[in-house]
Amino acid sequence: MPSNTIDPTALAEAHRRLTELDRAVDETRLALAKLRACLPPCGAPEQCGSPIEVSDEQYDPAMWHDAEDEGIGGHRH
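Nothing here was measured: the structure is a model prediction, and the numbers come from that model.

Asks: Can you walk me through the overall build of the chain in this structure?
Replies: When helices and strands are counted, the chain shows 1 helix and 0 strands. In the structure as shown, the chain presents an accessible area of about 7900 Å², 59% of it carried by carbon and sulfur atoms.

Structure (structure tokens):
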């Protein structure tokens, strides 16, 4: 026959974990609020997330001058 008593140690552990979860949720909400505050305001709904058109024209080759020096690793001598 099952017992209707709860192990006090298990109950204390459940409360501890719920407190940790509650704290983590609060921290997540705070982080999300900070992130939202950093975002620029969105204009009209049709402007939010609208695609950015990229031209098919060739770029000026001077733009790529020394481009191989950028990125991870830097110069290799």
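Asks: Can you help me understand a nonpolar patch on the surface in this one?
Replies: On the surface, a cluster of nonpolar side chains totalling about 470 Å² of accessible area is made up of Val54, Tyr59, Met63 and Trp64. With respect to the secondary-structure elements, Val54 resides in the segment after α1 (8–38).

Asks: Looking at this structure, I do not really get the pattern of salt bridges. What am I missing?
Replies: Close approach of charged atoms allows side chains with opposite charge to pair. Enumeration according to the criterion identifies 3 salt bridges in this entry. Notably, a salt bridge pairs Arg17 with Glu13, separated by 2.7 Å at the nearest N-O pair. In this pair, Arg17 and Glu13 are both assigned in helix α1, 4 residues apart and thus about one turn of the helix distant. Residue class for Glu13 comes out partly exposed when judged on its relative accessible area of 29%. Of the charged contacts, one joins Arg16 and Glu20 as a salt bridge, the two residues approaching to 2.3 Å between their closest N and O atoms. Placement of the pair is Arg16 and Glu20 together in helix α1, with a separation of 4 residues, close to one helical turn. A residue is classified by how much of its surface remains accessible, and Arg16, at 38% relative accessible area, is partly exposed. Judged by its relative accessible area of 39%, Glu20 is partly exposed.

Scoring rules and cut-offs
- Residues numbered from 1 in each chain as written.
- Predicted model: local features only at pLDDT ≥ 70, side-chain atom pairs only at ≥ 80, totals over all residues.
- Heavy atoms only, no water.
- Helix = DSSP H or I, 4+ residues; strand = E, 2+ residues; numbered from the N terminus.
- Areas by Shrake-Rupley, 256 points an atom, 1.4 Å probe, with all protein chains shown as cover.
- Patch = residues over 30% accessible without salt bridge, like charges linked within 9 Å, V, L, I, M, F, W, Y side chains within 5 Å.
- Salt bridge = Lys/Arg side-chain N within 4 Å of Asp/Glu carboxyl O.
- Buried < 20%, exposed > 50% of the residue type's maximum accessible area, 1.4 Å probe, protein only.

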